[in-house]
Structures are given as C-alpha cells and as structure tokens.
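What follows is the residue order along each chain.
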Amino acid sequence: HLPVAFRHRLSTWANKLASFFSPYLHITISEYGAERFSRSDLFLAVEAYLSDACARRAHRLKAELGKDSKNLQVSVDDNDEVTDTFKGATIWWYAAKKLPRSQVISFYPGQDERRFYQVVFHRRHRDLVVGSYLPYVLEEGRAVTVRNRQRRLFTNNPSSSWNPYRSGNGVWSHVPFEHPATFDTLAMDPDDKEAIVDDLEAFREAKDYYAKVGKAWKRGYLLHGPPGTGKSTMIASMANFLDYDVYDLELTAVKNNTELRKLFIETTGKSIIVIEDIDCSVDLTGKRKDKKAQKKNSEDEADGKPMLSVEPDKDDGTKVTLSGLLNFIDGLWSACGGERIIIFTTNHKDKLDPALIRRGRMDKHIEMSYCSFEAFKVLASNYLDITEHELFGEIRRLLEETDMSPADVAENLMPMSKKKKRDNNACLAGLVEALKKAKEEAAAAKAKEEAEAKEKAEAEAEAKEAMEKEAEAKKGQGEDQGNRDTTSESTEGKMSNGEIKGSEQVASDN
Ligand SMILES: Nc1ncnc2c1ncn2[C@@H]1O[C@H](COP(=O)(O)OP(=O)(O)OP(=O)(O)O)[C@@H](O)[C@H]1O
Ligand SMILES: [Mg+2]
C-alpha cells in the first residue's frame, strides 16, 4: 500500500543500514545477462562449477538431464547455500530465483522466472574474489561443461530454412555424435597411426605455440585413398580421440561464398570441420567460372545496358568458388575462434587444385591405402580376438599380391549369421578364398586390359600402314607431275615428303 517511490527509498535505506553493520559484500550473477536472449556465459559456468566442485557440500540438490549432457547433472537447488574456500578466503554461494512482478500470463510456465546466483564474501577479500576467484570459477566451469557435454555431429541446413529467431533453425542442425570408432579399432600401419595420434596430441596442446608463431590455431588434414579404406572411420576416431564436435559440411547445399563464411563463423572451437569427397561435391575449377563470367559480360554488353562491375572472381551469388573455399580454410575469417581441425576426404587427390591442398591449408596428407598385413592383424584382433593363426602366412602373401580394402576384409571377418556360431577358422578360410578370387579377378581384368591395348595398337598400326600407302601413292603422283613440270618445285611435294618421313619413323619405332 506504499507508493512505489517511497518503497524504493525505504529499501535503499535498509540496504545502507545493513551494509553499515555488515562487513559482507554481495555479487549477483543472473541467468540472463545484458543480452536478454541468451543465457549468460558466466551463469552457466557458475552452475557447472558449483555442481562439480561444491555440490557435495550442499544439502539440497536437484538432478537434471541436461539438454546436451550425457549424464545426470546434479546442481545446487534454489535457496540453498554452499561454501567454498579460495586461498584462505571463505565464499558463500546462494542460488535463488526471482519471480516477475508482472501479471502477464505466460505460455511457457517457468520461462519468466529469473534465476540468479549470489556470491557473498568479506569486504577484505574483494580484490581476491573479483580479480582471481571469479575468473577461476569461469574457467573451471567452462572446463566442466566441456567435460560433461555430449559431443555433437552437425550438418548445415539449406539456407532457405535459416531463421535466427527460431531455435533449431540455425545454420547448423545437430544430433549426438555416437560413432564408436577409435584409433584402436582403426586398421592401418601402426607407425602411420602413431604419427597421426602424435600430431593430434601436439595440436591439442599447441595453443601458445600457434600464438607465438603467429598462426591461427587450426590444422588441415587431407585424407585420400580408394573407397572403403577407412577415411570416414579415421575422422570419427580423431573426433573421439580429441573429444571434439564434428561439423559435416555438405558443400552442395551452400549457395555461395558468403553463406560458406557464415557457416564457418557459426562453428565453435574444439571441433572438426569435414568436407567429404571434396572433388565430387562442387565444381572447383576457377577457369570455367571465369569463362562464365566473361560470357555474362559480353551478354550484358550486347544488351546495351550499363554494365555493373563484374570481376572475374566475384561471387555472383550462385556458387561456391574455389577462391571462396580457399578463403574459408585459410583466409582472415578462419582465425575466428580457434582449435579447429579441417579435414577433406577424396578418392582422387590428383583431381584437386594444388592451391587447395598446399601446406598451410592441408598441412598433413594422409594416404589411406588397401589393407596391408599389419592392418589385417588389427582387424583380426578386433573381429576375431586372435593374433596368430596358421592361415596368417598365406593371408600375408595374398594381401601383398592383391589389393583389397579394409572394408572388404572386415566384411569377410564378420559373418552375419545367427545360427552359425562364429568360427575363426571358417572366417579366415573365407577370407583366403575371397582374396584368391579377388586376385584372379584382378589378373583377368589385367589380361583383358592388355588384350584391348594390343588390339588398339594393332588397329593403329594398320591405320598408319594405310596412310603410308596413300601417301606413297600421292608421292608417286607428285613425281609424275614433277616430271611433267620440272621448272617449279612444289611445296606440297616437300610437305608430303616430310609427312612420309615422319610416319615412316613412327612405323619403324613401333
Ligand atoms: N582402416 C580401417 N579400419 C577399420 N575398419 C575399416 C577400415 N577401413 C574401412 N573399415 C570398415 O569399412 C567400412 C567403410 O569404411 P569408411 O566408410 O571409413 O571408408 P571410406 O574410406 O570413407 O570410403 P569412401 O571413400 O567410400 O567414403 C567402415 O564401416 C569400417 O568398419
Ligand atoms: Mg567415407
């Protein structure tokens, strides 16, 4: 029943009086910061910190299955107090919530309440708390969040459905990342594998080093090799090893370079950005694009309309260009955030533009090749739990002679039959059979190819012979003519002489 102004004044006096007698200071950290739309980073960090470090000391807890979390999150319940100590100072935390005074009926119950944490400490610890304790809480809380989060696999939405005001309609959508591949299950040469693991580990810890040498904290890998040799599996293993999110970028759904840049900006740190089958997904020939632009230019001129500036490399809003992609990986924008790994996969490394895969863009080129014996041993121990067998010798010999992808080898080691019990001998014998068959097929294909080549060569030789004959006939005619007209030396005759010489040489070479 008091007027508002008077009420405010009263509460200010009350606070003043309290602070005169009490030596304690309060800092409030509310859920929604200055930007009303997103939850404050500090609040989330405090929540994570308290649930990790101090929840054991609280009496009232609440358990929730966080949205992006793989396990239960226990945190301090509202209106409870927890105590923390930091460098000898005691700090009290309170969780509380404020209900809005407005009388508006909300569609989403609970949406309107504002939760906040309050940290209370003695006046003499002010500098300590503000200067070191709160930053420490922020850092710890972030680390806890990263540890507890469910890793995610993102894919880009088509730009027609981008809507920044609706959650779930951002530029990326995601599902939990649950690929079980690890470096232990990945079959490849052990030395190569170790080198890759080493490289990844070095990258993860190299924040300061990258800063020192003045490079953006990112690294590019190019995985190349025939189908079924484990390129996608390698990406999953890397993500699991590093504990990173994966952004699977579908280039065909990206309309232009601007969109590509936006997608990049929306990725977070600690992530792997993947473009699979880079040679197939988009036309990256810069030259053809130039031609198109030129054609467009000339059409514009033909219309007689005033021409707007059309630079050859300018993004005309229809396509991702090579230069756009180069900038995506290595331009100024690529330094936003950090701790990103960019991976391209391809079946044909030679089809890629050298600029795209130069060091600095794709720092490490990893070749995934057909199954070697070493790789086979990994598969055998994974699938059959064996490290030795009498058939290994034969398999080694066959693998050296035949190209078989790890995917095919794995398929042979995994008989999918519920009735039959898995029998190692049968599996390995089956693999030997398959290898023999593959070898025969390869030999047959080679023989066929050779026969075709031979046929072709023969046909060519025949054609040449025919040409030779024709030329000779012509020469004969020319000589006849020369005899008739001895005064003028025909240049044609010279040329045909030359031709004959040339073809004679080719024939003799053959
Ligand atoms: N090196 C490997 N180690 C373990 N498993 C493998 C390996 N290579 C292939 N596989 C098995 O074969 C399947 C196909 O492999 P993957 O998808 O990684 O091949 P890829 O190289 O990405 O092929 P593509 O070029 O066609 O995309 C996987 O499910 C995996 O189980
Ligand atoms: Mg693949």
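Residues numbered from 1 in each chain as written. Chains lettered and ligands numbered in written order. Predicted model: local features only at pLDDT ≥ 70, side-chain atom pairs only at ≥ 80, totals over all residues.

- In the annotation of an unreviewed UniProt entry, the entry for the chain reads AAA+ ATPase domain-containing protein, and the organism field reads Panicum hallii var. hallii.
- As recorded by UniProt, the Catalytic activity (unreviewed entry) comment attached to the chain reads in full: "ATP + H2O = ADP + phosphate + H(+)".
- Taken directly from UniProt, the Cofactor (unreviewed entry) text for the chain runs: "Mg(2+)". (UniProt positions renumbered as here; feature names shortened; annotations may be inferred.)

**Points about the site of ligand 1**
- The environment of ligand 1 is formed by 17 residues, the closest being Ala187, Gly230, Ser232, Pro406 and Ala407.
- For the shell around ligand 1, the secondary structure elements donating two or more residues are helix H6 (231-242) and helix H13 (406-412).
- Residues of the shell around ligand 1, tallied by class, amount to nine nonpolar, seven polar and one charged.
- Among the domains, domain 2 (154-303 + 318-367) and domain 3 (390-459) are the pair contributing at least three residues each to the shell around ligand 1. (Near = placed C-beta within 6 Å. Helix = DSSP H or I, 4+ residues; strand = E, 2+ residues; numbered from the N terminus. Nonpolar A, V, L, I, M, F, W, Y, C, P; charged D, E, K, R; others polar. Domains from an automatic or database assignment.)

**Brief notes about the nonpolar core**
- Residues Ile235, Ile272, Val274, Ile343, Phe376 and Leu379 are the most contacted members of the largest nonpolar core, which totals 57 residues.
- Counting residues per element, this core draws most heavily on helix H11 (residues 373-383), which supplies six residues.
- Here this core spans two domains, and each of domain 2 (154-303 + 318-367) and domain 3 (390-459) adds at least three residues to it.
- With residues near it in sequence (within four places) discarded, Ile235 still touches Ile272, Val274 and Ile343.
- If you look at the next biggest cluster of nonpolar residues, it comprises 15 residues, including Tyr49, Val82, Ile91 and Val129. (Core = buried A, V, L, I, M, F, W, Y, C linked by C-beta atoms within 7 Å. Buried ≥ 20, exposed ≤ 12 C-beta atoms within 10 Å, placed from the backbone. Contact = placed C-beta atoms within 7 Å.)

**Some remarks on the sheet that holds strand E7 (residues 152-156)**
- Here we have seven strands laid out as an open sheet, ordered E8-E7-E10-E11-E12-E9-E13, and mixed in their pairing. One side of each edge strand has no neighbouring strand; the edge strands of this open sheet are strand E8 (172-176) and strand E13 (364-367). Pairwise comparison of adjacent strand axes, ignoring direction, gives a mean angle of 25° for this sheet.
- With three bridges joining them, E7 and strand E10 (residues 245-248) adopt parallel strand pairing. Each bridged residue has a counterpart across the sheet, and for Thr155 the counterpart in E10 is Asp248.
- Of the strands in this sheet, strand E9 (218-224), E10, strand E11 (271-275) and strand E12 (340-346) touch H6, which is tilted by about 170° from E11. (Pairing = 2+ DSSP bridges. Axes fitted to C-alpha atoms, helices over the stretch in contact; angles between N-to-C directions.)

**Some words on the sheet that holds strand E6 (residues 114-122)**
- Taken in spatial order, the four strands make up an open sheet running E1-E6-E5-E4, and their pairing is antiparallel. If you trace the sheet from one side to the other, it starts and ends with strand E1 (24-30) and strand E4 (81-86), each paired once. On average, each strand axis in the sheet is inclined to that of its neighbour by 25°, with strand direction left out of account.
- Note: strand E5 (residues 89-98) against E6, eight bridges, orientation antiparallel. Each bridged residue has a counterpart across the sheet, and for Lys97 the counterpart in E6 is Arg115.
- This element, helix H3 (residues 126-148), spans E1, E4, E5 and E6 of the sheet and lies at about 70° to E5.

**Topic: the pairing of E12**
- With respect to burial, E12 is a largely interior element, seven of its seven residues being buried.
- Residues Arg340, Ile342, Phe344 and Thr346 of E12 are buried on one face, and the alternating residues Ile341, Ile343 and Thr345, pointing to the opposite face, are buried as well.
- The sheet contact formed by E9 and E12 spans seven bridges and is parallel. The residue of E12 that forms the bridge with Lys218 is Arg340.
- One ladder, built from five bridges, connects E11 with E12; its direction is parallel. The partner of Ser271 across the bridge, within E12, is Arg340.

**Topic: the packing of helix H4 (residues 190-204) against H6**
- Contact pair H4 / H6: the axes reach a minimum separation of 11 Å and the direction vectors enclose 45°. If you check the angle between H4 and H6, you find them oblique. The chirality of how H4 crosses H6 is right-handed. Residues Val197, Leu200 and Arg204 of H4 form the contact with H6, whose participating residues are Met238, Phe241 and Leu242. (Parallel < 35°, antiparallel > 145°, perpendicular 65-115°, else oblique. Left-handed = near helix turned anticlockwise from the far one by under 90°.)

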